[in-house]
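Listed below are the residues making up each chain.
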Amino acid sequence: MSEFAGKTVVVSGAYGGVGVAVVSKLLASGANVCATDLESVVAGRAPSGNSRLVAVGGDVTRSADVDRIFAAAEDAFGEVDILISNAGYIVSKSVHDTSEEEWDQVLNANAKSLFLMARRALPSMMRRKSGAIVATGSISSVVGLPEQAAYCAAKGALLQLVRQMAVDYAARNIRVNAVGAGSINTPFLTRYLDGMDDPSAAEMAIKAAHPLGRWAEPSEIADAICYLASPASSFITGQILMADGGYSAR
Ligand SMILES: NC(=O)c1ccc[n+]([C@@H]2O[C@H](COP(=O)([O-])OP(=O)(O)OC[C@H]3O[C@@H](n4cnc5c(N)ncnc54)[C@H](O)[C@@H]3O)[C@@H](O)[C@H]2O)c1
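Model, not experiment: these values are computed from the prediction.

Trainee: Honestly, the overall build of the protein chain in this entry has me stumped. Any pointers?
Mentor: Across its full length, the protein chain carries eight helices and seven strands. Whereas a compact globule of 250 residues would reach a radius of gyration of roughly 18 Å, the protein chain reaches 17 Å, a difference of no more than 12%. Along the three orthogonal principal directions, the C-alpha set of the protein chain runs to about 50 × 40 × 35 Å. Relative to its full complement of 250 residues, the protein chain shows a buried share of 49%. Carbon and sulfur atoms form 54% of the exposed surface of the protein chain, whose accessible area is close to 11300 Å². Of the side chains in the protein chain, 21 bear a positive and 25 a negative charge, and the two mean positions are spaced by 9 Å.

Trainee: I would appreciate a short explanation of helix α3 (residues 63–77) in the present structure.
Mentor: In an α-helix, one full turn covers 3.6 residues, which means residues spaced three or four apart are oriented alike. With 15 residues, α3 should cover 21 Å at 1.5 Å per step; its first-to-last C-alpha distance of 21 Å lies within 8% of that length. Residues Asp-65, Val-66, Ile-69, Phe-70, Ala-73 and Phe-77 constitute the buried set of α3. Buried positions in α3, seen along its axis, are confined to an arc of 130° and lie on one side of it. Pointing more than 90 degrees away from the buried face of α3 are the exposed residues Ala-64 and Asp-75. Of the surrounding secondary structure, the elements contacted by the buried residues of α3 are β1 (8–12), β2 (32–37), β3 (53–57), β4 (82–85) and α4 (100–128). Positive phi shows up at Gly-78, right after α3, with a value of about 100°.

Trainee: What is the right way to look at the site of the ligand in this model?
Mentor: If you check the shell around the ligand, you find 29 residues, and the closest are Val-18, Asp-37, Tyr-151, Thr-186 and Arg-191. For the ligand, a nitrogen atom lies 2.9 Å from a polar atom in the side chain of Asp-59. Between the ligand and Tyr-151, the relevant distance is 2.7 Å, taken from an oxygen atom to a side-chain nitrogen or oxygen of the residue. Calculation on the ligand without its partners gives an accessible area of 810 Å², and the protein chains cover 92% of this total. Counting only elements with at least two residues in the shell around the ligand, the list comes to α1 (17–28), β5 (131–138), α5 (149–169) and α6 (187–194). Here the residues of the shell around the ligand sort into 11 nonpolar, 14 polar and four charged.

Trainee: I tried to follow the packing of α1 against helix α8 (residues 218–229) on my own but got confused; where do I start?
Mentor: Running from N to C, α1 and α8 cross one another at 55°; their axes reach a closest spacing of 8 Å. Classed by the angle they form, the pair α1 and α8 counts as oblique. By crossing handedness, the relation of α1 to α8 is classed as right-handed. Each of Gly-17, Val-18, Ala-21, Val-22, Lys-25 and Leu-26 in α1 lies in contact with α8, whose residues at this interface are Pro-218, Ser-219, Ile-221, Ala-222, Asp-223, Ile-225 and Cys-226. Looking at the contact of α1 with α8, its residues break down into nine nonpolar, two polar and two charged.

Trainee: Help me understand the sheet that holds β3, please; the structure alone is not making it clear to me.
Mentor: Within a beta sheet, neighbouring strands are joined by backbone hydrogen bonds and run either parallel or antiparallel to one another. What the seven strands build is an open sheet, ordered β3-β2-β1-β4-β5-β6-β7; its pairing is parallel. Each end of this open sheet is capped by a strand with a single partner; those strands are β3 and β7 (240–243). The sheet shows a mean angle of 15° between the axes of neighbouring strands, direction not considered. Pairing analysis gives four bridges linking β4 to β5, with the strands arranged parallel. Residue pairing in the sheet places Ile-84 in a bridge with Val-134 of β5. Those strands touched by α4 are β1, β2, β4, β5 and β6 (174–181), and its axis lies near 175° from that of β4. Lying over the sheet, α8 contacts β4, β5, β6 and β7, oriented at roughly 165° with respect to β6.

Trainee: Where do I start with the pattern of salt bridges in this structure?
Mentor: As a working rule, side chains carrying opposite charge can pair if their charged atoms are close by. In the structure shown here, the tally under the stated rule is 12 salt bridges. Where Arg-128 meets Glu-79, a salt bridge forms, and the shortest distance between an N and an O atom there is 3.8 Å. Placement of the pair is Arg-128 in helix α4 and Glu-79 in the loop between α3 and β4, with a sequence separation of 49 residues. For Glu-79, a relative accessible area of 33% corresponds to the partly exposed category. One salt bridge connects Arg-214 with Glu-220, and the closest N-O pair in it is separated by 2.8 Å. With relative accessibility at 32%, the residue Glu-220 sits in the partly exposed group. One continuous salt-bridge network, built from bridges that share partners, spans Glu-79, Asp-81, Arg-127 and Arg-128.

Cut-off values and rules
Residues numbered from 1 in each chain as written. Predicted model: local features only at pLDDT ≥ 70, side-chain atom pairs only at ≥ 80, totals over all residues. Heavy atoms only, no water. Helix = DSSP H or I, 4+ residues; strand = E, 2+ residues; numbered from the N terminus. Rg over C-alpha atoms; globule rule 2.2 N^0.38 Å. Buried < 20%, exposed > 50% of the residue type's maximum accessible area, 1.4 Å probe, protein only. Areas by Shrake-Rupley, 256 points an atom, 1.4 Å probe, with all protein chains shown as cover. Lys, Arg positive; Asp, Glu negative; His and termini not counted. Charge placed at Lys NZ, Arg CZ, Asp CG, Glu CD. Expected span 1.5 Å × (residues − 1). Arc of directions from axis to C-beta. Contact = heavy atoms within 4.5 Å. Near = heavy atom within 4 Å. Polar contact = N/O pair within 3.5 Å; in protein donor to acceptor, adjacent residues only side chain to side chain. Nonpolar A, V, L, I, M, F, W, Y, C, P; charged D, E, K, R; others polar. Axes fitted to C-alpha atoms, helices over the stretch in contact; angles between N-to-C directions. Parallel < 35°, antiparallel > 145°, perpendicular 65-115°, else oblique. Left-handed = near helix turned anticlockwise from the far one by under 90°. Pairing = 2+ DSSP bridges. Salt bridge = Lys/Arg side-chain N within 4 Å of Asp/Glu carboxyl O.

From the geometry alone we can't say anything about function, so treat these as descriptive.
Set out below in structure tokens:
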């Protein structure tokens, strides 16, 4: 497959569960990929040996780091055609238990990161009248979930920014979309379950809440993300594609 041949793609959260699946699919489809994740995560990785992949450490909630990440992508492959804003972080608490610091961390990791990365990506896309931005949202973008105060607010903000940017930049042929992921079998979910009083009961409850009766594998979410990044979705912008096993259809 060469769907993304010659395209330069920046992927954040690239070494988490979904990120790894997205990067692998993009590479298999011919893309040049700048894979970025926290410095501490990227530092532990051996070089890939793939000339179409660069790994760059950085915190996507900081504009200086975002600038550095994009500069590395441009140095390696040229201007960025596609942004996959996938980094995310959850604190599972209700409002009365959430500290100001936790609120800021969650809002920044999920929503400010999209703002900063899109702000850096857009001028070049506007100049070239071409681009695609895909953000990893959640069922928490569209429904309230128990004990996810900051996370629901953050993923809701992400979705509204996606819609807003879709309207602002459509005339320059830049599409902006989100994937509304249900629960996914990644370290993110494992950490969430580990914080529960009864993780196996929580696992069963989560699976039962999805009409398909299971949670997603990372590759299933990567497929939805790559679809929205690809020409196959050329008339789709400002949308959230719910890849949630039917959760939000009830
Ligand atoms: N796993 C789930 O059940 C689930 C469900 C719905 C949505 N999501 C979303 O999917 C996306 C991918 O999550 P995942 O399941 O692969 O989780 P993950 O924890 O495996 O990966 C997330 C990655 O984001 C990185 N990251 C977090 N904050 C960052 C920052 N400030 N700067 C740079 N990198 C940062 C982490 O280091 C990590 O590698 C996230 O946006 C998450 O909110 C996950």
